[in-house]
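One letter stands for each residue in the lines below.
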Amino acid sequence: MAKVVIYTIVVILLLSLSIVFPKIGASAPSFLFLLAVVYAFRKDDSDYLWLAFFSGLALDLYTNTFLGIFALSFLIVAFIINYTTRTFFSSDLSFVYIGVVVTLAYLLVVGLVYILNSIASRFGTSLPISGEYLTVKIWLDLFLNLVFVAPMYFLSLFNDRIINYYSKDEGSF
């Protein structure tokens, strides 16, 4: 129960931070994306899938895109990261490795969001996103995400400590 409450608070706080974070030429870091990616590196449980889904759903509800586009994109990217990390890479995480994965994952999410939003706009249910807008915005977004991946990693470690602390308290009753 403590896990659900803490994850909910973190998603709400990161969505709030994304809303009030000052934009640099229409670009800002995607804290919910970084949360999904950082937790996808976890190898021991499937909490990363729930976090990816609810982070994407929160972003879907905030933005004007077709409902479910970010949720599906975050789920796909988180699953790919977790699968490849468990299957092919056995070393400890380094910031260089995380930076490469964040870069590739962000490009994949942008591509998936663009494709899914283009399909949804054919049915008249969503606002189209132009390719020119994405290419101008994508590199600054990517840079800002790379700057904030280390604080998100440390936030995930802090969340784990809080969850472990309250999980011990729940078992003592």
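Predicted model only: the values in this text are computed from it and were never measured.

## Some words on helix H4 (residues 69-88)
An ideal rise of 1.5 Å per residue puts 28 Å on 20 residues; H4 measures up with 28 Å between its terminal C-alpha atoms. Three or more residues of H4 are buried, namely Ile69, Phe70, Ala71, Ser73, Phe74, Val77, Ala78, Ile81, Asn82 and Thr85. In this structure, the buried residues of H4 make contact with helix H2 (31-40), helix H3 (47-62) and helix H5 (95-122).

## Observations concerning the pattern of salt bridges
Between side chains of opposite charge, a pair can form when the charged atoms approach closely. Applying the stated criterion across every chain, the model contains one salt bridge. The partner of Asp47 in a salt bridge is Lys3, and the shortest N-O contact between them spans 3.0 Å. With Asp47 in helix H3 and Lys3 in helix H1 (residues 2-20), this residue pair connects regions lying 44 residues apart in the sequence. Owing to a relative accessible area of 13%, Asp47 belongs among the buried residues under this scheme.

## Thoughts on the confidence of the model for the chain
Interpreting fine coordinate detail is not advised for predicted regions of low pLDDT. Put simply, the chain has an average pLDDT of 83, and 87% of its residues get 70 or more. Taking the mean pLDDT of every element in the chain, the minimum, 82, falls on helix H6 (residues 131-171) and the maximum, 93, on H2.

## A short note on the packing of H2 against H5
Closest axis-to-axis distance for the H2/H5 pair is 11 Å, and the angle between their directions is 125°. As summarised for this structure, H2 and H5 are arranged oblique, according to the angle between their axes. Of the two elements, H2 crosses H5, and the hand of that crossing is right-handed. Two secondary-structure elements touch here, H2 through Phe33, Leu34 and Val37 and H5 through Val102, Ala105, Tyr106 and Val109. Split into classes, the residues belonging to the contact of H2 with H5 amount to seven nonpolar, no polar and no charged.

## Structural notes on the layout of surface pockets
What the second largest pocket holds in volume is close to 270 Å³. Forming the boundary of the second largest pocket are Lys3, Val4, Tyr7, Thr8, Val11, Ile12, Asp47, Trp50, Leu51 and Phe54. For the lining of the second largest pocket, the secondary-structure elements that each account for two or more residues are H1 and H3. The element best represented in the lining of the second largest pocket is H1, accounting for six residues. Its residues assigned to classes, the lining of the second largest pocket comprises seven nonpolar, one polar and two charged.

## Considerations on a nonpolar patch on the surface
Judged by side-chain polarity, Leu72, Ile76, Phe79, Ile80, Tyr83, Phe88, Phe89 and Leu108 come together as a nonpolar surface patch covering roughly 730 Å² of accessible area. Per element, the largest residue contribution to the nonpolar patch is six residues, and it comes from H4. Its place among the elements puts Leu72 in helix H4. Judged by its relative accessible area of 41%, Leu72 falls in the partly exposed class.

## Some points on H1
Along its 19 residues, H1 runs 27 Å from first to last C-alpha, staying within 8% of the 27 Å computed at 1.5 Å per residue. Within H1, the full set of buried residues consists of Ala2, Ile6, Tyr7, Val10, Val11, Leu14, Leu15 and Ser18.

## Observations regarding the nonpolar core
Counting 44 residues, the largest nonpolar core has Leu32, Phe33, Leu35, Phe74 and Ile81 as its most contacted members. Within the residue set of this core, elements represented by two or more residues are H1, H2, H3, H4, H5 and H6. Residue contributions to this core peak at ten residues, all from H2. When near neighbours in sequence (up to four residues on either side) are disregarded, Leu35 contacts Val10, Val11, Leu14, Leu51, Ser55 and Met152.

About the cut-offs
Residues numbered from 1 in each chain as written. Predicted model: local features only at pLDDT ≥ 70, side-chain atom pairs only at ≥ 80, totals over all residues. Heavy atoms only, no water. Helix = DSSP H or I, 4+ residues; strand = E, 2+ residues; numbered from the N terminus. Expected span 1.5 Å × (residues − 1). Buried < 20%, exposed > 50% of the residue type's maximum accessible area, 1.4 Å probe, protein only. Contact = heavy atoms within 4.5 Å. Salt bridge = Lys/Arg side-chain N within 4 Å of Asp/Glu carboxyl O. pLDDT = per-residue confidence, 0-100. Axes fitted to C-alpha atoms, helices over the stretch in contact; angles between N-to-C directions. Parallel < 35°, antiparallel > 145°, perpendicular 65-115°, else oblique. Left-handed = near helix turned anticlockwise from the far one by under 90°. Nonpolar A, V, L, I, M, F, W, Y, C, P; charged D, E, K, R; others polar. 1 Å grid on protein atoms, 1.4 Å probe; cavity = no way out; pocket = protein on both sides within 12 Å on 5 of 7 lines; lining within 4 Å. Points joined across faces, edges and corners; volume = space filled by probe spheres on them. Patch = residues over 30% accessible without salt bridge, like charges linked within 9 Å, V, L, I, M, F, W, Y side chains within 5 Å. Areas by Shrake-Rupley, 256 points an atom, 1.4 Å probe, with all protein chains shown as cover. Core = buried A, V, L, I, M, F, W, Y, C linked by side-chain atoms within 4.5 Å.

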